[in-house]
Structure formats: C-alpha cells, structure tokens
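Below are the chains, spelled out letter by letter.
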Amino acid sequence: MTVLATAAAPPASCRDLPWAVARERAHAASVPLPARQVPLARAAGLTLADVLRTPQPMPGFDTAAMDGYAVGPGAGPWRVRGVVRAGDAWTGGPLDAGEAVEISTGAPVPAGARVVMPLERTDRSGTLVRGPALADGEHIRRAGEDAPAGAPLAPAGTRIGPALLGLAAASGHDTLPVRPRPRVRVLVTGDELTHTGRPAPGRVRDALGPLLPPLVQAMGGEITDVQHIPDRPAGALAAAVRGTSYCGADVTVVTGSTSVGATDQLRMLLADADARWVADAVACRPGHPQLLAQLPDGHCVVGLPGNPYAALVAAHTLLAPLLAGFTARPLPTLPRIPLTGDIRSAPGRTRLIPVTWDGTTAHPAGGHRPAFLHGAALADALAAVAPEWRQGDPAPLILLTA
C-alpha cells in the first residue's frame, strides 16, 4: 500500500467530518489489493479484478429453444430425416426444402433449418410432419445471439455472486481474476467486559466480539483474529496495535478507546506513531467518536465506539467503504427512500436510525440508543437523516440484508 505523508496529530480538515464526506474519504484511503486467479468454486463473495469477457460466442452454435422439429424451407409437410438430441452432433448435412429433423431443447440446429416448430403444435404421420407457418428463425437461438466472442459481461469491481459464477462457467471460464478479501483483525478493549454468561454488577457483556466477524464478512472482508485487550496496563493497546505482523491483517479495528476519557488511548498512540489521519470523529449520531488513520507502513486502523449500536453505525460509515476500496469496488450509491414517522433531525449532524421498509416508504424501527441493538436487529436498513431532512423527504438507506 502506498504510504502518504504523516502527521503527528489530527489536522483540522479531518475532524468532525460530515457523514457523507467521511464515507468518501474512507473509500479513497485504501489501495486495491493485488489481483490473483482463483477457481470458480472459491470465487463467491470476492470481487472481479478485471473485465469478465466471453471467450466464445454465446450460445456457441445455433440451438433449439424448444422440443419439436427443425424444418427446412417450404410450407410442409416435411419428411423427417432423423433425430438430434442435446449433447449430440448432427452429421446429416444441411436440410433441404421439405426436410426436417426431430430435435430436443438445447440440441444443435442443422444448417438450412428455417424454424423449430414446437412439438405440441405439430402433427406427425409416419415420416411426415405438419405444422403452422412460423416466422423465420422462431425458436432458434442463433450462435452469438446472447453475446459475441470477446463481449464484456461484467466490469472490474463487480462483486461475484451465484449468477455471475454461473455466467462465467457458461461462457467457458474455469478461473476468475479477483481481488482477495481484505484481512481484518479486531481488538475489543475494556476492563468492564465479560464474554460469557450474564454480566455481574459493574460488568457489561461483550456484544462487539460476536457482532463484528459476520459483519466484516458481509462487507467483503475476512477476520484474521479477535483479541480482547484490557484498558490497563496503559501500554497494552499500543503493543497490540503496533505489533510487527498485525496477524497478517490489512486493517486493525479497535472497539472502544476512541473517545477522550482517562482510559481511551487510541488517539494518543496513533499520534505518537505519526499516523496519517483520514477521519477524526464524524458529525453523526450515534458514532461521533469514530476514527480512521494510517500508520507509517500503510496499515489502516479503524476506531469504533464501544457502545454496540454506535459501533455498528461507525462500521458502516468508515469500515465498509474502506474495505470496498481494498477490493476496487466503487463506493456504493445508497438508495434514497421516503422516510416518515416520529423522527427528529439533529442540528449539524446526520442521524443514523434503524428503519423497516415496506417497498415504498421507510419507517423507524425504534430501539436505537447508542448501546442498544434491538432496532438494528429487526431493521431492514439504517436511514441517514441529514440535518436539513423534513418529514416525508427521501433519505439514503444502508441496507442490512446481508
């Protein structure tokens, strides 16, 4: 990754960024990972590193679109010369006027065939078959009709899903050029956290350790490690963040320790490490004390608030665009849907609230205090409510279906 100029402390231009600007900067902060070839069976969920083209016409030969009879010129009746099934080759030469072959869907159509007459529309007696008048070429898929050889099928930056895998296989590919998943390690901080069972008085059950691995996976990343780092001693977080190997990760995510309290160490250690700041707090609610910085060797550090819902908001604000940049995917354009309900905008800040969506209008799901994930667990999306939003106006939605 290219290392940019460093700064000892966050410059003013990185502080309290507008929410949309923070997403853009996070996306631009990463350099795409080197491409590699992988078999189709290992490509699902990865990102195309180059344009997918068809190496041959699709279909590769004139093929029957129906079970029936391929008939030559003339008005019929036609004499049936033979049978051709899917997977067979027709070796009987072109069809002349008055000639036909029985044919199956997907079978190669003999040269000279004018149409394929559907079986249910024909009448056969012995070797003679009759049928209705059809337009030339009906029920024949011509070679190259779907795509000629060399045609672009999908651009670089496309996320590879089941349909694209099927398309690649159908066009003759065994491997695909991909960007690998960016590797992410997670450092969960806090002396107050417990990791199993019901928390005792004064303790809090860790929600982010279970939440972040599947979230990172849905965002296109791969978790390398989840570590729990105590607030004390003071140097524990610095030692973990600045470890020489980073556990093989491209990104370190730190939860908690992003504010300015006595136990919040992340900003100080990043400044001491001469990190380059991309975002130092975002003008949103919740999730304001989030951050993104690059260490001098180019390793990216994302700081998420310790409150679970605030951390979820921050992950969608900074981490998701950052991971998209590593794979050369474009910054997603968010759908804008009319939003209505008991919603209040926040002066100077974008509010992120969980919403349900009925297909036309989004409505608040409730249950979205910074530490409470109830609304997000039931929601279809997070709505980004800008300071100037008014009742019924459209708002951008971050879909939570993944």
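Just above, that's the structure.
Because the structure is a prediction, the values reported are computed rather than measured.

Attention now moves to the overall build of the chain. A tally of regular secondary structure across the chain gives 7 helices and 27 strands. Here the C-alpha radius of gyration of the chain, 30 Å, is well above what a compact globule of 402 residues would show, namely 21 Å. Burial statistics for the chain: of 402 residues in total, 46% are counted as buried. The contacts of the chain with a sequence gap of at least 6 include a subset with a gap of at least 24, amounting to 69%. Accessible surface computed for the chain: about 18,200 Å², of which carbon and sulfur atoms make up 55%.

Bringing helix α3 (residues 208-218) into the picture now. Turning to α3, its buried residues are Leu-208, Gly-209, Leu-211, Leu-212, Leu-215 and Val-216. Burial along α3 is one-sided: seen end-on, the buried residues are contained in an arc of 155°. Turned more than 90 degrees from where α3 packs its buried face, Pro-210 and Pro-214 sit exposed. Residues of α3 that are buried in the fold lie against β15 (183-189), β18 (222-229), β19 (251-255), β22 (300-304) and α6 (308-326).

Strand order in this open sheet of 6 strands is β9-β6-β8-β7-β11-β10, and the pairing throughout is mixed. If you trace the sheet from one side to the other, it starts and ends with β9 (115-118) and β10 (123-125), each paired once. Sheet twist, expressed as the mean angle between neighbouring strand axes with direction ignored, is 40°. Judged from the 2 bridges that link them, strand β7 (residues 78-84) and strand β11 (residues 128-130) form a sheet pairing that is antiparallel.

Let us now look at the environment of Gln-217. For Gln-217, the position within the fold is in helix α3. On a C-alpha basis, the gap between Gln-217 and Leu-304 in space is 17 Å, while along the polypeptide they are 87 residues apart. Once you skip the residues sitting within four places of it in the chain, Gln-217 turns out to touch Arg-159 and Arg-181.

The next point concerns the sheet that holds strand β14 (residues 175-179). Sheet strands pair via backbone hydrogen bonds, and the direction of the pair is either parallel or antiparallel. With antiparallel pairing, the 3 strands of this open sheet are ordered in space as β2-β14-β3. Of all the strands in the sheet, just β2 (36-39) and β3 (47-48) have a single pairing partner and so form its edges. Judged from the 4 bridges that link them, β2 and β14 form a sheet pairing that is antiparallel. Following the sheet pairing, Arg-36 is matched in β14 by Val-178.

What follows is about the nonpolar core. Counting 46 residues, the largest nonpolar core has Val-251, Val-253, Leu-292, Val-302 and Leu-319 as its most contacted members. When contributions to this core are tallied by element, the ones reaching two or more residues are α1 (19-28), β15, α3, β19, β20 (276-285), β22, α6 and β26 (381-385). Among the elements that make up this core, the one with the highest residue count is α6 (12 residues). Once you skip the residues sitting within four places of it in the chain, Leu-319 turns out to touch Val-216, Met-219, Val-251, Val-253, Val-302 and Ala-314. Ranked by size, the runner-up nonpolar core spans 18 residues in total, among them Leu-187, Tyr-246, Ala-293 and Leu-295.

What follows concerns α1. Every buried residue belonging to α1 is among Trp-19, Ala-22, Arg-23, Ala-26 and His-27, and all of these are buried. Angular distribution of buried residues about the axis of α1 spans 130°; they occupy a single face of the element.

Across all of its chains, the model carries 9 salt bridges by this definition. Asp-136 serves as the salt-bridge partner of Arg-114, at 2.9 Å between the closest nitrogen and oxygen. In this pair, Arg-114 is assigned in the loop between β8 (99-103) and β9 and Asp-136 in the loop between β11 and β12 (140-141), connecting sequence segments 22 residues apart. Counted as one network, the salt bridges with shared partners bring together Arg-79, Arg-81 and Glu-99.

Turning our attention to the pairing of strand β24 (residues 350-357). In terms of burial, β24 is largely enclosed, as 6 of its 8 residues are buried. Sheet topology places β20 next to β24; 2 bridges connect them, and they run parallel. Bridge pairing links Arg-285 to Arg-351 in β24. In the sheet, β24 pairs with β26 via 5 bridges, with the strands oriented antiparallel. When the bridges of β26 are listed, Leu-352 appears paired with Ala-384. Pairing analysis gives 3 bridges linking β24 to strand β25 (residues 362-364), with the strands arranged antiparallel. Bridge pairing in β25 links Thr-356 to His-363.

A few words now on the side chain of Thr-47. Relative to the elements of secondary structure, Thr-47 occurs in strand β3. Given a relative accessible area of 1%, Thr-47 falls into the buried group. Not counting the four nearest positions on each side in its chain, Thr-47 is found in contact with Gly-157, Thr-158, Arg-159, Ile-160, Pro-177, Val-178, Arg-179, Thr-327 and Arg-329.

Along the polypeptide, Gly-221 turns up in the loop between α3 and β18. Considering only alpha carbons, one finds Gly-221 and Ala-362, 141 residues apart in sequence, at a separation of 28 Å. Leaving out residues up to four positions away in the same chain, Gly-221 has contacts with Arg-181, Pro-182, Val-216 and Leu-323.

What follows deals with the pairing of β26. The element β26 is largely enclosed, with a buried count of 5 among its 5 residues. Covered by surrounding structure in β26 are Ala-381, Ala-383 and Val-385 together with Leu-382 and Ala-384, the residues of both alternating faces. In this sheet, strand β27 (residues 394-399) lies alongside β26 in antiparallel orientation, the contact comprising 3 bridges. Across the sheet, the residue bridging to Ala-383 is Leu-397, located in β27.

Each value, and the rule that gives it
- Residues numbered from 1 in each chain as written.
- Predicted model: local features only at pLDDT ≥ 70, side-chain atom pairs only at ≥ 80, totals over all residues.
- Heavy atoms only, no water.
- Helix = DSSP H or I, 4+ residues; strand = E, 2+ residues; numbered from the N terminus.
- Rg over C-alpha atoms; globule rule 2.2 N^0.38 Å.
- Buried < 20%, exposed > 50% of the residue type's maximum accessible area, 1.4 Å probe, protein only.
- Contact = heavy atoms within 4.5 Å.
- Areas by Shrake-Rupley, 256 points an atom, 1.4 Å probe, with all protein chains shown as cover.
- Arc of directions from axis to C-beta.
- Pairing = 2+ DSSP bridges.
- Axes fitted to C-alpha atoms, helices over the stretch in contact; angles between N-to-C directions.
- Core = buried A, V, L, I, M, F, W, Y, C linked by side-chain atoms within 4.5 Å.
- Salt bridge = Lys/Arg side-chain N within 4 Å of Asp/Glu carboxyl O.

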